[in-house]
Amino acid sequence: MRVGIAFDYHRLVEGRKLILGGVEIPFGKGLAGHSDGDVLTHAVCDAVLGAAGLGDLGQHFPDTDPRWKDASSVVLLGRVVEMVVARDLQVAQVDTVLVAQEPKLAPYFEAMRAALARALGVEPARVNVKAKTTEGLEAIGRGEAMAAHAVALLEPR
Ligand code: MG
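A short tour of the structure in this document, coming up. Everything numeric in this text was worked out from a predicted model, so none of it was measured. (Residues numbered from 1 in each chain as written. Predicted model: local features only at pLDDT ≥ 70, side-chain atom pairs only at ≥ 80, totals over all residues. Heavy atoms only, no water.)

1. What to know about the packing of aromatic side chains
Right, so step 1: On inspection of all chains with the given rule, the structure shows two aromatic pairs.
Right, so step 2: Ring plane angle 90° and centroid distance 4.9 Å describe the contact between phenylalanine 61 and tryptophan 68, whose orientation is recorded as edge-to-face. Here phenylalanine 61 and tryptophan 68 have matching classes, each one buried. (Phe/Tyr/Trp six-rings, centres within 6.5 Å; stacked < 30°, edge-to-face > 60°. Buried < 20%, exposed > 50% of the residue type's maximum accessible area, 1.4 Å probe, protein only.)

Below, the structure written as structure tokens:
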């Protein structure tokens, strides 16, 4: 078994779609980023890469590369999983925590789980999504940013 952890943080800005865990969520702002800014999927990518000893997302999909401009992060996650499979590993379990003040995210958890599980090539039961606020404190509490944490467990194929 191999385990990986990850943390990611993105600024919330006007004029962007909010994409979390591969799901578009109706909201007045979206996450800044070279790709679609999907902070949750980025954390999952980094946790999986970490478990496989494959570095991090920025190393494989640099934000200086125009190919990844506005890229769907779940597509990048699919590529990460291909790298892992090439090393004779597969995803056993992924757990995540989104940190966001607004909007209410619980109604989207199942859709995020399904989208992440599809990209990871596992059943939704092996993926967990949950969320916390910061009780209105600091940049996340003021609606200026969102963060995500993830842990991934890989097993031999
Ligand atoms: Mg990121």
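2. Let's talk about helix α1 (residues 39-51)
Right, so step 1: End to end, α1 covers 18 Å across 13 residues, agreeing with the expected 18 Å (1.5 Å per residue, within 8%).
Right, so step 2: Within α1, 12 of the 13 residues are buried, leaving the element largely enclosed by the surrounding structure.
Right, so step 3: After α1 finishes, the residue glycine 53 shows a positive phi value of roughly 70°. (Helix = DSSP H or I, 4+ residues; strand = E, 2+ residues; numbered from the N terminus. Expected span 1.5 Å × (residues − 1).)

3. Examining the coordination of the magnesium ion
Right, so step 1: Coordination sphere of the magnesium ion, protein contribution only: Asp8 (OD), His10 (NE2) and His42 (ND1), at 2.0 to 2.3 Å.
Right, so step 2: Relative accessible area serves as the criterion here: at 9%, histidine 42 is assigned to the buried category. (Donors = N, O, S within 2.8 Å, 3.2 Å for Na, K, Ca; no water.)

4. Some points on the pattern of salt bridges
Right, so step 1: If you walk through the whole model with that rule in mind, you get seven salt bridges.
Right, so step 2: Here lysine 17 ties to glutamate 24 by a salt bridge, and the two come within 4.0 Å at their closest N and O atoms.
Right, so step 3: Judged by relative accessible area, glutamate 24 falls into the partly exposed class, the value being 49%.
Right, so step 4: Residues arginine 142 and glutamate 144 are paired through a salt bridge, measuring 3.0 Å at the closest nitrogen-oxygen approach.
Right, so step 5: Linked by salt bridges that have partners in common, Arg16, Lys69 and Asp70 make up one network. (Salt bridge = Lys/Arg side-chain N within 4 Å of Asp/Glu carboxyl O.)

5. Focus on the side chain of aspartate 36
Right, so step 1: Assignment of secondary structure puts aspartate 36 in the loop between β4 (29-31) and α1.
Right, so step 2: Despite its burial, aspartate 36 remains without a salt bridge, the nearest opposite charge being carried by arginine 16 at 6.1 Å.
Right, so step 3: Here serine 73 takes part through its side chain, which lies 2.5 Å from a polar atom of the side chain of aspartate 36.
Right, so step 4: Non-local contacts of aspartate 36, meaning those with residues more than four positions away in its chain, are made with Arg16, Ile19, Leu31, His42, Asp70, Ala71, Ser72 and Ser73. (Lys, Arg positive; Asp, Glu negative; His and termini not counted. Polar contact = N/O pair within 3.5 Å; in protein donor to acceptor, adjacent residues only side chain to side chain. Contact = heavy atoms within 4.5 Å.)

6. Looking at the nonpolar core
Right, so step 1: In terms of nonpolar packing, the biggest core is built from 48 residues, with Leu20, Val48, Met112 and Leu120 touching the most fellow members.
Right, so step 2: Secondary structure elements with two or more residues in this core: β1 (2-14), β2 (18-20), β3 (23-25), α1, α3 (73-85), β5 (89-99), α4 (109-120) and β8 (145-156).
Right, so step 3: Ranked by residue count, the leading element in this core is α1, at nine residues. (Core = buried A, V, L, I, M, F, W, Y, C linked by side-chain atoms within 4.5 Å.)

7. Concerning a nonpolar patch on the surface
Right, so step 1: Taken together, the side chains of Val3, Ile5 and Val151 present a nonpolar region at the surface, about 300 Å² in accessible area.
Right, so step 2: One can find isoleucine 5 in strand β1.
Right, so step 3: Given the relative accessible area of 68%, isoleucine 5 is considered exposed. (Patch = residues over 30% accessible without salt bridge, like charges linked within 9 Å, V, L, I, M, F, W, Y side chains within 5 Å. Areas by Shrake-Rupley, 256 points an atom, 1.4 Å probe, with all protein chains shown as cover.)

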